[in-house]
Amino acid sequence: MPSVNVVNGKQIVVENLGPVERTIRFFYRPFGQMWHHRDLIQAILRREVAERFKGSIAGWVWAVVAPLLAIAVYTFFFAGRLDLPREYMVTSGQNTSYALFILSGIVVFNFWSEMAFRAPMLLHEYVHFIKQTIFPSDMLAVISTLRATLYTVISVVVLMVFQVIVAGHLPWTWLLLPLILIPFVAFLVGMAWFLCAIGAFTRDAGYLMINIVPLFMFATPVFYSQTQLPPPLDFWLYANALTGYVEVMRDIMLVGTLPNWQVYAWTLFTSIFTFYFGYWFFDRYRNVIVDVL
Amino acid sequence: MSSSTYSDIVVEAKHLGKAYQLYARRNDWLKQVMFGWAKSYFKPFTVLRDINLQIQRGESIGFLGRNGCGKSTLLQVICGMTLPSHGELRVSGRIAPVLALGSTFDLELSGRENVMIGGAVLGLKRAEVQRKFNSIAEFAGIGDYMDQPVKHYSMGMRTRLAFSICAHVEAEILVVDEALAVGDAAFQRKCLDWIDNFRKTGTLLFVSHSMAEVRRLCTRAIWIEDGCIREQGDPSEVIRNYHRALLVEKDDVHRFSAAR
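On a predicted model such as this, the values are computed, not experimentally measured, just so you know.

**Some thoughts on the overall build of chain A**
Summing up its helical and strand segments, chain A has 12 helices and 2 strands in all. The helix and strand sequence of chain A, counted from the amino end, reads β-β-α-α-α-α-α-α-α-α-α-α-α-α. Scaling as 2.2 N^0.38, a compact globule of 293 residues should have a C-alpha radius of gyration of about 19 Å, and chain A matches this with 21 Å. If one aligns the C-alpha atoms of chain A with their principal axes, the spans along those axes are about 70 × 50 × 35 Å. Taking the contacts inside chain A whose residues are at least 6 apart along the sequence as the reference set, 75% of them involve residues at least 24 apart.

The following block contains the structure:
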């Protein structure tokens, strides 16, 4: 079978598949690609991780210092100034409860904002690879999300240690963390696919994100809880998909209860939808993107 | 493949053409993507017009032509980096493009790390690259520079490393695009010897402005002009006609204009 088979600008796929098989293939394809390119993903991920603290002596210490600094600053400034809902008072001290509450929101928000800032410029960063080698450009969104995941996991570990120190114990629901972290990673990969495709066409996508990401910090329940908002605002806050992730994370990490199943279902829906919509969008324009960059 | 004649043809192009889309304003791309079905926002800039080509397994093809005639675009299309806009193309076999691997090097990382990345980009497994690493380092012959950041390399050293990686990919079709021009004579000879050896089993597509190289390496020369094949056949013959044409035809300043 030819490895390249093109007629009139269209890739010819030789298999004759019915609609059901085609749908299954579509859902399976991103994972098949990731598995196929696993060595490439690993090689570039290593480079990306090394690049983050390039020329730094302290290196990984910075990844730990950042969340610690956040704890200190937010505890200092917000202690006693905001009302904390009763269920989030997980430690005896009010200040440490605030710190945990805010940090758990910040972890989610920083993860998202790192991707939102970077994704529009992602293909420009790798333009040499895309234009001069046979490069699976769809894997870049996966690689950059994996790198961000690494830093998020470090922050989560810092949070865990801090919680053990100030609260004395961890709720068992901490074990459920992968059940929300994995959908969130999928959500971000999908978002990165969409944003990097748009960003290849116009740099405005990057400038837009620089302007709206800080605003989202207030449209996401980082410093407050959605239960504190008056209706109908508390409902509409879920239109910002991050709200659901923040709430579920806090439920399982701080409060120690199972999340509201409706909220969890909503986060699963946004995750799966964004993942496949992003992949579909990127795939649709990938051949055009090579010529635009 | 059941039919032996079919499997011997590794590259087949019929009426192949590539037109880039030239936009007056940058953001017209976006309009084209969104409303392209209703109206077109670009001027087509034809790089390849009508390429008909059949390449057999084991052939070595030298592509000649002036800057901007479409040689590199043709090779990019054959490699599958960019899609042709019309015509048919069939390629079978593992392709390794030695187009500009050196330009993908990360300047801050060492040669060693770049070998790992470059190998992965060319489709090698991590274990394979590690196994071949000593051989790659030996072929490149840059000694202790291997562990220095690539930003301290000279252009020639980058080319050495890049070619050395490509030489270890075990490709069936090797695409070399003026990659050897910056190496010194000794390294060029090493590369040419390697290519000579490669030709026994693989297919070579070769772009060069050095006619001596083309004459030495190629079994067939293809002269591309203005996006079409002007002449092909015996290298000496084609090179002679090409040289004659270069003397007679002036360097036309309107060659790169879209309005044709």
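**Re the overall build of chain B**
Helix and strand content of chain B: 9 helices and 9 strands. For chain B, with 260 residues in total, the buried portion stands at 42%. Taking the intrachain contacts of chain B between residues at least 6 apart in sequence as the baseline, contacts between residues at least 24 apart amount to 72%.

**Remarks on helix α8 (residues 177–201) of chain A**
The first and last C-alpha atoms of α8 of chain A sit 37 Å apart over 25 residues, in line with the 36 Å expected at 1.5 Å per residue. With 20 of its 25 residues buried, α8 of chain A lies for the most part within the structure.

**Description of the pairing of strand β6 (residues 173–177) of chain B**
Residue and element names in this part refer to chain B. A large share of β6 lies buried, amounting to 5 of its 5 residues. Side chains Ile173, Val175 and Asp177 project from β6 onto one buried face, and the interleaved Leu174 and Val176 project onto a second face that is buried too. Where strand β5 (residues 95–98) lies against β6, 4 bridges are found, and the strand directions are parallel. Within β6, the residue paired with Ile95 across the bridge is Ile173. Of the pairings in the sheet, the one linking β6 to strand β7 (residues 203–207) comprises 5 bridges and is parallel in character. Looking across to β7, one finds that Val175 is bridged to Leu205.

**What to know about the pairing of strand β3 (residues 60–64) of chain B**
Residue and element names in this part refer to chain B. Extensive coverage of β3 is indicated by the burial of 5 of its 5 residues. Every second residue of β3 is oriented toward a common face, with Ser60, Gly62 and Leu64 on one face and Ile61 and Phe63 on the other, all of them buried. Bridging between β3 and β7 involves 4 bridges; their strand directions are parallel. Opposite Ser60, over in β7, you have Leu204 as the bridge partner. When β3 meets strand β8 (residues 220–225), the two strands line up parallel, connected through 4 bridges. The residue bridging Ile61 from the neighbouring strand is Arg220, located in β8.

**Digging into the domain arrangement of chain B**
Domain annotation of chain B identifies domain 1 (4–93 + 172–256) and domain 2 (107–164). Once you take the C-alpha centre of each, domain 1 of chain B and domain 2 of chain B turn out to be 27 Å apart.

**Comments concerning the nonpolar core**
Counting 137 residues, the largest nonpolar core has Leu188, Ala192 and Cys196 of chain A together with Val175 and Phe206 of chain B as the members making the most contacts within it. If you tally residues by element for this core, the top one is α8 of chain A, at 17 residues. Of the residues that make up this core, three or more belong to each of domain 1 (4–93 + 172–256) and domain 2 (107–164) of chain B. Apart from the residues lying within four places of it in its own chain, the contact partners of Leu188 of chain A are Phe111, Trp112, Met115 and Thr145 of chain A.

**Overview of the environment of Thr220 of chain A**
With respect to the element layout, Thr220 of chain A can be found in the loop between α9 (204–219) and α10 (233–236). Residues Thr220 of chain A and Val90 of chain A, 130 residues apart in the sequence, show an inter-C-alpha distance of 21 Å.

**Overview of the confidence of the model for chain B**
All names here are of chain B. Summing up the model confidence of chain B, the mean pLDDT is 78 and the portion of residues at 70 or higher is 87%. Mean pLDDT values for the elements of chain B range from 56 in helix α1 (residues 4–8) up to 86 in β8. With pLDDT under 50 throughout, residues 1–6 is counted as low confidence; its partners more than four residues away or in other chains account for 2 contacts.

**A look at the packing of helix α4 (residues 94–118) of chain A against α9 of chain A**
Residues and elements named next belong to chain A. For the pair α4 and α9, the least separation of the axes is 10 Å and the interaxial angle reads 170°. Classified by the angle their axes make, α4 and α9 are roughly antiparallel. From α4, Phe109, Ser113, Ala116 and Phe117 reach across to α9, where they touch Met209, Ile210, Val213 and Met217. Of the residues contributing to the contact of α4 with α9, the split by class is 7 nonpolar, 1 polar and no charged.

**What about helix α5 (residues 126–140) of chain B?**
Its maximal kink placed at Lys132 of chain B, α5 of chain B deviates by approximately 50°. Gly141 of chain B occupies a position one or two residues after α5 of chain B and carries a positive phi of about 60°.

**Things to note about the confidence of the model for chain A**
Here chain A averages 83 in pLDDT, while 91% of its residues score no lower than 70. Averaged pLDDT values for the elements of chain A fall to 66 in strand β2 (residues 10–11) of chain A and rise to 91 in α8 of chain A.

Thresholds applied
Residues numbered from 1 in each chain as written. Chains lettered and ligands numbered in written order. Predicted model: local features only at pLDDT ≥ 70, side-chain atom pairs only at ≥ 80, totals over all residues. Helix = DSSP H or I, 4+ residues; strand = E, 2+ residues; numbered from the N terminus. Rg over C-alpha atoms; globule rule 2.2 N^0.38 Å. Contact = placed C-beta atoms within 7 Å. Buried ≥ 20, exposed ≤ 12 C-beta atoms within 10 Å, placed from the backbone. Expected span 1.5 Å × (residues − 1). Pairing = 2+ DSSP bridges. Domains from an automatic or database assignment. Core = buried A, V, L, I, M, F, W, Y, C linked by C-beta atoms within 7 Å. pLDDT = per-residue confidence, 0-100. Axes fitted to C-alpha atoms, helices over the stretch in contact; angles between N-to-C directions. Parallel < 35°, antiparallel > 145°, perpendicular 65-115°, else oblique. Nonpolar A, V, L, I, M, F, W, Y, C, P; charged D, E, K, R; others polar. Bend = angle between axes of the 7 residues up to and from the residue.

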